[in-house]
Amino acid sequence: MAATHQCICGKAVQYRQDLAVDRSGTTRTWTCVDCGTPVPSGVAERIGHQHPS
């Protein structure tokens, strides 16, 4: 089953290119590429492995 996240800006985050990742800290922080709103890490990790076909 494909993971998706509905961002507060209205974007459906469902593929890797919909996410921005910050690796500067000890853990990765995932955000919406359009507005910068944080995406929950569990969902973002699953989305990060999805590719549009």
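Before reading on, note that the structure itself is shown above.
Residues numbered from 1 in each chain as written. Predicted model: local features only at pLDDT ≥ 70, side-chain atom pairs only at ≥ 80, totals over all residues. Heavy atoms only, no water.

1. What to know about the pattern of salt bridges
Okay, so step 1: Per the stated rule, a full pass over the model turns up three salt bridges.
Okay, so step 2: Note that D18 is salt-bridged to K11, the shortest N-O span being 3.6 Å.
Okay, so step 3: The exposure class assigned to D18 is buried, which follows from its relative accessible area of 10%.
Okay, so step 4: Residue classification places K11 among the partly exposed positions, given a relative accessible area of 21%.
Okay, so step 5: K11 serves as the salt-bridge partner of D34, at 3.7 Å between the closest nitrogen and oxygen. One end of the pair, D34, is in the loop between β4 (29–32) and α1 (41–47); the other, K11, is in the loop between β1 (5–6) and β2 (12–13), and 23 residues separate them in sequence.
Okay, so step 6: On the basis of relative accessible area, D34 is assigned to the exposed category, the value being 54%. (Salt bridge = Lys/Arg side-chain N within 4 Å of Asp/Glu carboxyl O. Buried < 20%, exposed > 50% of the residue type's maximum accessible area, 1.4 Å probe, protein only. Helix = DSSP H or I, 4+ residues; strand = E, 2+ residues; numbered from the N terminus.)

2. Side note on the pairing of strand β3 (residues 19–22)
Okay, so step 1: Relative to β4, β3 runs antiparallel, the two being bridged by four bridges. Residue pairing in the sheet places D22 in a bridge with T29 of β4.
Okay, so step 2: Between β3 and the antiparallel strand that follows it, β4, lie six residues. (Pairing = 2+ DSSP bridges.)

3. Section: the state of the cysteines
Okay, so step 1: Applying the stated criterion to the full structure yields zero disulfides.
Okay, so step 2: Just so you know, C7 is unpaired, no disulfide at all, and the nearest cysteine sulfur is the one on C35, 3.5 Å from it.
Okay, so step 3: Left without a disulfide partner, C32 is nearest to the cysteine sulfur of C7, which lies 3.8 Å away.
Okay, so step 4: Residue C32 is classed as buried on the basis of its relative accessible area of 2%. (Disulfide = S-S within 2.5 Å.)

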